[in-house]
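# Reading the structure
Below, each chain spelled out in residue letters.
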Amino acid sequence: MLTEKYRPNNPFQLVGNEEVRVRFIKWLKDWKKGSKPALLIGPPGIGKTTLVYSSANFLNYKVIELNASDIRTKGRLESILKPSLIYFNLFGERVLAFLDEVDGIYSKQDYGGMEFLLEAVKMTQIPLVFAANIEDEKIKKLIEVCEVFRMKKPPPRLIEIYLKNILKREKVEVKEETIREIVKKSKGDVRNALNNLQLAISGYGDLLAPLESNIPLEEGINRFFQAKEAYEAYEILSNIKAEPREKIRALYNTLIGSEISEDLKVKALRVISYADEILNRILKTQEWRQLKYLDRFLAFGLKKILKDVKITYKEDTIPWNLKLRIWNDSKILKDLANYLSKQLHTSKKEFMIFYYPLLPFIFKDLKDLKRLGLNESMIKVLKKEK
Ligand SMILES: Nc1ncnc2c1ncn2[C@@H]1O[C@H](COP(=O)(O)OP(=O)(O)OP(=O)(O)O)[C@@H](O)[C@H]1O
Ligand SMILES: [Mg+2]
């Protein structure tokens, strides 16, 4: 995808909002305990998320992104977010927490969500960044306690230059008239402009409407499973406001969390795993033209298997503390697997599946593992398995 290939990893490569970007980078650079959190406000597809990630990258911060399921209710929020905000910096890495779409969390069912965000603001030990699309009543209290960064749609002229620059780097040509139409249709949404440039390059035909009119992920997934016909499901899927990878992940999480029979689940997950492979191949070969088959494959594949079953959208079900564990320990575990699998003349995968779980049983005193050449941090990780 052009949006992925040309996602700036340096905050100075974005278009538009120059002053805001500089101020945001300065905010992060000067951040110390007690500083205000940042709140980015602006319409979809203009680079809020990209600004956060690229600035973090620029200033050597890792980003922990919290999603809506992490901040569903005050109770969950407290148990999940509180320890993370307080203990993160103990791991010696510079980490910032990013909470996207905060304007979406304040419905009746999420009562207390905003209240907790305000508490989080008070107790955080790491930089916190919020992002929202619309500045309204819901986030008024947050605005009061944050340093606010209002981002505007980049002007058409800049978007046009940006698109032309990409065409040059891609070494392809698109008619001047089409470029102008893409810029106009995007209404300042850079993501939309890039997606439509992609379509124009691959000769896909009609341009997509800007994302504002597209279906939000959760609603789209629900409608996808409710659809009676595969073709209807395909139309819905291809209109969801999300990158292909996000859609696949949402379908996966929803199916994993659903109550359909194991047999059906296996069949459906097989379709998803094929789709994931197709997507990997598309990303590798850059055969963007194939993307349209991806949604079709998913819709027709899944609808054939899942008839008359009730499935509703589920989010990522990995608990936050497990995510934290994966985050902190995965590199060490990889090193450990790499090292011991060689000693045991087996593959890394086989080692992790068959041998790794046995280590704490074989070595009653994990200190003995030192003799095998494991270092302190590897042994520390292993101790958590006990
Ligand atoms: N200002 C920009 N300059 C260059 N590329 C951009 C810009 N804004 C968006 N893009 C492109 O669009 C993609 C999506 O942008 P991003 O996710 O940052 O938007 P967003 O403002 O966070 O939108 P949303 O409100 O939907 O979360 C990026 O991967 C990037 O390729
Ligand atoms: Mg975003």
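Predicted, not measured: the structure shown is a model, and the values here were computed from it.

What counts, and at which threshold
- Residues numbered from 1 in each chain as written.
- Chains lettered and ligands numbered in written order.
- Predicted model: local features only at pLDDT ≥ 70, side-chain atom pairs only at ≥ 80, totals over all residues.
- Heavy atoms only, no water.
- Helix = DSSP H or I, 4+ residues; strand = E, 2+ residues; numbered from the N terminus.
- Buried < 20%, exposed > 50% of the residue type's maximum accessible area, 1.4 Å probe, protein only.
- Areas by Shrake-Rupley, 256 points an atom, 1.4 Å probe, with all protein chains shown as cover.
- Near = heavy atom within 4 Å.
- Polar contact = N/O pair within 3.5 Å; in protein donor to acceptor, adjacent residues only side chain to side chain.
- Nonpolar A, V, L, I, M, F, W, Y, C, P; charged D, E, K, R; others polar.
- Pairing = 2+ DSSP bridges.
- Axes fitted to C-alpha atoms, helices over the stretch in contact; angles between N-to-C directions.
- Contact = heavy atoms within 4.5 Å.
- Phe/Tyr/Trp six-rings, centres within 6.5 Å; stacked < 30°, edge-to-face > 60°.

### Some remarks on the overall build of the chain
Looking only at helices and strands, the chain has 18 helices and 5 strands in total. Looking at the 386 residues of the chain, the share that counts as buried comes to 46%. Summed over its atoms, the accessible surface of the chain is roughly 21500 Å², and 53% of this surface lies on carbon and sulfur atoms.

### Examining the site of ligand 1
As a structural note, the neighbourhood of ligand 1 is formed by 19 residues, with T3, V15, K48, T49 and T50 the closest of them. In this structure, G45 approaches ligand 1 through a main-chain N or O atom, which is 2.9 Å from an oxygen atom. Between ligand 1 and the protein, one listed contact pairs an oxygen atom with a side-chain N or O atom of R191 at 3.1 Å. Burial of ligand 1 by the surrounding chains reaches 96%, relative to a free accessible area of 630 Å². Looking at the shell around ligand 1 residue by residue, the class counts come to 9 nonpolar, 6 polar and 4 charged.

### A word on the sheet that holds strand β3 (residues 95–99)
Read from one edge to the other, the open sheet built from 5 strands follows the order β2-β3-β4-β1-β5, with strand pairing classed as parallel. Lying at the two open borders of the sheet, with one neighbouring strand each, are β2 (62–66) and β5 (147–150). If you compare each strand with its neighbour and ignore which way they point, the axes differ by 25° on average. Bridge count for strand β1 (residues 38–41) against strand β4 (residues 128–132) is 4 bridges, and the pairing is parallel. By the bridge assignment, L39 is partnered in β4 with F130. Packed onto the sheet, helix α2 (residues 18–29) meets β1, β3, β4 and β5 and runs at close to 150° relative to β5. Helix α3 (residues 48–58) contacts β1, β2, β3 and β4 of the sheet and is inclined by roughly 175° relative to β3.

### Points about the environment of E232
When you line up the elements, E232 lands in helix α11 (residues 230–238). With 67 residues separating them in the primary sequence, E232 and A299 have C-alpha atoms 8.6 Å apart.

### Brief notes about the pairing of β3
Most of β3 sits out of view: 5 of its 5 residues are buried. With 5 bridges connecting them, β2 and β3 associate as parallel partners. Across the sheet, residue L66 finds its bridge partner in β3, namely L99. The sheet contact formed by β3 and β4 spans 3 bridges and is parallel. Pairing of F98 across the sheet is with V129, part of β4.

### Focus on the packing of aromatic side chains
Taken as a whole and judged by the stated rule, the model has 8 aromatic pairs. Between the aromatic rings of Y231 and Y234, the centroid separation amounts to 5.5 Å while the plane-to-plane angle is 55°, which identifies the pairing as tilted. Here Y234 and Y231 lie together in helix α11, a separation of 3 residues that amounts to about one turn. Of the residues examined, Y231 reaches a relative accessible area of 49% and is grouped as partly exposed. With a centroid separation of 6.3 Å and an interplanar angle of 10°, the aromatic rings of F351 and Y355 are classed as stacked. Placement of the pair is F351 and Y355 together in helix α16 (residues 348–355), with a separation of 4 residues, close to one helical turn. Residue classification places F351 among the buried positions, given a relative accessible area of 0%. By relative accessible area, Y355 is classed as partly exposed at 34%.

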